[in-house]
Amino acid sequence: MIGLISATSAGQRGCEHLAAAWPDEVRVYDGPVREAVGRAFAECEQLVCFLATGAVVRLIAPLLRGKDTDPGVVTVDETHQHAIALLGGHGGGANELAQRVADTLGCRPVISTATDAAGVPGLDMLGWPVEGAVAAVSRAILDGDPVRLDTSHGVHPLPALPPNVTAATDSDVSLIVTDRVTGADTTAGATVLLRPPSLVVGVGGSRGVPADEVLTLIGSALADAGLSPRSVAALATVDAKADEAGIVEAAERLGVPLLTYTADRLAGIDVPNPSDAPLAAVGTPSVAEAAALAAAPGGELLVPKRKSAPPEGPAMATAAVARRRPRGRLSVVGLGPGARDLLTPRAREELRRASVIVGLDQYVDQIRDLLRPGTRILESGLGAEEERARTAVEQARAGHAVALIGSGDAGVYAMASPALAEAADDIDVVGVPGVTAALAAAAILGAPLGHDHVSISLSDLHTPWDVIERRVRAAAESDLIVTFYNPRSRGRDWQLPKALSLLAEHREPGTPVGVVHAASRPDERSEVTTIAALDVTTVDMVTVVTVGNTATRNVAGRMVTPRGYRWQA
C-alpha cells in the first residue's frame, strides 16, 4: 500500500490525482501531518508526501529502523514540479515510485542513488537474491575498479554491466552468479553472490504429509548438495498432489509456485530411480525425480530422489532437485517513428534491461544514449534483416538478455516476424509495441483511419508484384482506407502510380490523400492532397501515403474519415 500525505490544498489535489490514477494501491492519510506520517510509515510499504523535503526529513527521522525495513519515501514539492526519491531508493522502491509519480503528475523525477545516476544496474535491483558485500562491490563497479565476473555455472540474462566487470578480470573483488554455496568469504567486503532462479525441487508425499517434514527434507537435500535455497524457483509434483496441504504450504512458505504435471506426463520421463509404490498410488513410477525434470526441460538432475527421515514414524515425503538450463531472453522492441517522446516507457526499460542490442545502425544511433554502460551493440546496415534476426536469436540462445530493435512497431514490416521465425521455445520472447508509421502519420493528418483500413507495402523485394496488386485491388473494391508503406524509392518508381490508378478505378479523383514524410522527425513535412493532384515525385521510402475511402473528407485542411455514427449523417 502507498500512503499519501499532504498539508496544503495543492498537496491535497496531488493526493486526489494519485488516488484517482491508482485507486487500488493508495490510502490517503488525513489529520495532523506528524501523526499522518507516523501512521503511514508504520502501515505502508511506500509513502508519497506532498511536503517540503526538509519537513519530511524531520518527520521521518525518529521513525527510521533500517534500510531493510523502512518504507520507500517520495516527496513532491508544492507546485508539483519534482518527485524526489528521498528514502529507500532501491530496497523500498522509492526510485521506481518517483518515476511513476512523475509520469502521473507530469513532473520530473529526482533520483540520486549512485548506480541509477551512473546508469549502472544496482546489484540489489536485478530481481534475484543477493548476498555479501553489496555496498563494497557496487562502489568498486562505480569507481571503475576491476571486478571479476564469475558465471562459470551458466550464462544468465543479466542487464549490461560496465566494462570493468568482466570474466577476464583478475581481481579480489568478485561478482559470482551461482546457485551453489561457495567458499567465498562474503563478509570480507570483496564478494557478492547473485542467486539465479535455477533450481526446481520435485516433491512427492503421502496423504497428510506435514509441511515441516517436506521443508526439512528440501533443506537437507539442498545443503548436502551444496546448493543455495535462495535459487529455488519452484516446487513441482504430480497433479494428484496439487491440493496436498503440506506440499502446498511448503511452497507458500518458500515463496515459490507449485507446478503440477499429469501422471502420464511424468511416466514418460526417464529417471534413475523409478518405483512401484508411486505407480500404484498415482499412476507414475516417479514423482519427485520426474516432476523436477519436467519443470527443468533440458536441464540436469542434481539430487536424485531421497526420502525424509522424521524422528518418529515412517517417511512421508520424497524430494529431488534439478537445475534448469539458463534461458536467454529476446525482447523485440519497437522504437516508434523516431521522436524521443514517442518511444514508450516499456521500450526504454527493455533497452536498459538488455546486455546485447541488435539493430540497424541508424536505429541504434537513435537510442545509443539510453543504453547502459557496457551494453554490447551488434549493428548492421540496410538489407541485413535476416542476418540481424539470426544474430539476435543466437545471442539469446547463448543465455544473454537481447533487445532486437526496429522502427515503428517491430511487428509491422519489421524485425519481429523474421526473428520469431528463427526462435524456438528454448528462449523467452517478449514483444514491446511501438507507435507505427501509419499511426504517427495519421495523427499528423487528422483522423484518416476513422473507419476500416489496411496497410500495404509496395516493396516487391520480398513480395511478388502480382500479389501486391491483387491486395490493392481488393482494398479498392472493399472501399478500405489504405496506408502505403515503402511507397517509392530510386529503384522503384512505378509501383505507387500503379497502385493509385487501381484505387482510382473505384474512387473519385478528389478523394483525399495524406502524405507524411519523416513523421515526428526534425525534417517532417506533410500535406493533404487528392488522388488526382498527388505529386508522386515528393514521395520516398520514409514517406507514408494514406488514401481515404469514399467517405473521407478534407475538413479545414485535415483528413477525416467519419465512423458513420448517426449524428455525423
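Cut-offs used in this document
- Residues numbered from 1 in each chain as written.
- Predicted model: local features only at pLDDT ≥ 70, side-chain atom pairs only at ≥ 80, totals over all residues.
- Heavy atoms only, no water.
- Helix = DSSP H or I, 4+ residues; strand = E, 2+ residues; numbered from the N terminus.
- Buried < 20%, exposed > 50% of the residue type's maximum accessible area, 1.4 Å probe, protein only.
- Areas by Shrake-Rupley, 256 points an atom, 1.4 Å probe, with all protein chains shown as cover.
- Axes fitted to C-alpha atoms, helices over the stretch in contact; angles between N-to-C directions.
- Parallel < 35°, antiparallel > 145°, perpendicular 65-115°, else oblique.
- Left-handed = near helix turned anticlockwise from the far one by under 90°.
- Contact = heavy atoms within 4.5 Å.
- Nonpolar A, V, L, I, M, F, W, Y, C, P; charged D, E, K, R; others polar.
- Pairing = 2+ DSSP bridges.
- Core = buried A, V, L, I, M, F, W, Y, C linked by side-chain atoms within 4.5 Å.
- Phe/Tyr/Trp six-rings, centres within 6.5 Å; stacked < 30°, edge-to-face > 60°.
- Lys NZ or Arg CZ within 6 Å of the ring centre and 35° of its normal.
- Lys, Arg positive; Asp, Glu negative; His and termini not counted.
- Salt bridge = Lys/Arg side-chain N within 4 Å of Asp/Glu carboxyl O.
- Polar contact = N/O pair within 3.5 Å; in protein donor to acceptor, adjacent residues only side chain to side chain.

Participant: If you had to explain the overall build of the protein to someone new, which residues and values would you point to?
Facilitator: Helices and strands together make up the secondary structure of the protein, namely 18 helices and 29 strands. Across its three principal axes, the protein shows a C-alpha extent of roughly 90 × 65 × 55 Å. In the protein, buried positions account for 47% of the 569 residues. Surface accessibility of the protein: about 26300 Å² in total, with carbon and sulfur atoms responsible for 51%.

Participant: Quick one: what's the story with the packing of helix H7 (residues 211–224) against helix H8 (residues 245–254), residue by residue and with numbers?
Facilitator: At a closest axis distance of 8 Å, the pairing of H7 and H8 adopts a crossing angle of 55°. By the criterion of interaxial angle, the relationship of H7 to H8 is oblique. Considering how the two elements wind past one another, H7 and H8 form a crossing that is right-handed. Mapping the contact onto sequence places Ala 211, Asp 212, Val 214, Leu 215 and Ile 218 in H7 and Gly 246, Ile 247, Glu 249, Ala 250, Arg 253 and Leu 254 in H8. Among the residues making up the contact of H7 with H8, the classes are represented as seven nonpolar, one polar and three charged.

Participant: Describe the pairing of strand E3 (residues 46–50), naming the residues involved and giving the relevant values.
Facilitator: Within E3, five of the five residues are buried, which leaves the element mostly enclosed by the surrounding structure. Residues Gln 46, Val 48 and Phe 50 of E3 are buried on one face, and the alternating residues Leu 47 and Cys 49, pointing to the opposite face, are buried as well. Where strand E1 (residues 2–6) and E3 come together, five bridges link them in parallel fashion. From the neighbouring strand, Ser 6 faces E3, where its bridge partner is Phe 50. Pairing of E3 with strand E4 (residues 72–76), which is carried by four bridges, proceeds in the parallel orientation. Across the sheet, the residue bridging to Val 48 is Val 74, located in E4.

Participant: Give a detailed account of the nonpolar core, specifying residues and quantitative values.
Facilitator: By size, the foremost hydrophobic cluster in this structure holds 22 residues, and its most contacted members are Leu 458, Val 472, Phe 484, Leu 496, Val 545 and Val 547. Mapped by element, the contributors of at least two residues to this core are helix H17 (465–477), strand E24 (481–485), helix H18 (495–504), strand E25 (512–517) and strand E27 (543–547). Not counting chain neighbours up to four residues away, the residues in contact with Leu 496 comprise Leu 458, Phe 484, Pro 487, Val 536, Val 539 and Val 545. With 21 residues, the next largest nonpolar core counts Leu 199, Val 201, Val 203 and Ala 317 among its residues.

Participant: Any details on the packing of aromatic side chains? Residues and values, ideally.
Facilitator: Per the counting criterion, the structure on display carries two aromatic pairs. Measuring from centroid to centroid gives 4.8 Å for Tyr 413 and Tyr 485, while their planes differ by 50°, and the two rings are tilted. Of this pair, Tyr 413 sits in the loop between strand E20 (401–406) and helix H15 (416–422) while Tyr 485 sits in strand E24; the two residues are 72 residues apart in sequence, bridging distant segments of the chain. Since its relative accessible area comes to 44%, Tyr 413 is described here as partly exposed. Taken together, a centroid distance of 5.0 Å and an interplanar angle of 70° make the contact between Trp 465 and Trp 494 edge-to-face. Remark: Trp 494 occurs in the loop between E24 and H18 and Trp 465 occurs in helix H17; sequence separation between them is 29 residues. Positioned above the aromatic ring of Trp 22, the side-chain terminus of Arg 100 is 4.2 Å from the ring centre.

Participant: Residues and numbers for unusual backbone geometry, please.
Facilitator: With a phi angle near 45°, Asn 486 is a residue other than glycine that sits in the positive phi range. Since its relative accessible area comes to 22%, Asn 486 is described here as partly exposed. For Ala 556, which is not glycine, the phi dihedral falls at a positive 55°. Residue position: Ala 556 is located in the loop between strand E28 (553–555) and strand E29 (558–560). Residue classification places Ala 556 among the exposed positions, given a relative accessible area of 67%.

Participant: Account for the side chain of Glu 213, with residues named and values stated.
Facilitator: Locating Glu 213 in the fold gives a position in helix H7. No salt bridge is formed by the buried Glu 213; its nearest oppositely charged neighbour, Lys 307, is found at 11 Å. A distance of 2.5 Å separates the side chain of Glu 213 from the side chain of Ser 308, its partner in a polar contact. Those residues within four positions of Glu 213 in sequence are excluded, and the remaining contacts are Ser 308, Pro 310, Pro 314, Ala 315, Met 316 and Ala 317.

Participant: Describe helix H16 (residues 437–445), and please don't skip the residues or the numbers.
Facilitator: Taken residue by residue, H16 has Ala 438, Ala 440, Ala 441, Ala 442 and Leu 445 as its buried positions. The first or second residue beyond H16 is Gly 446, which carries a positive phi of 135°.

Any functional reading would require information beyond the geometric quantities listed.
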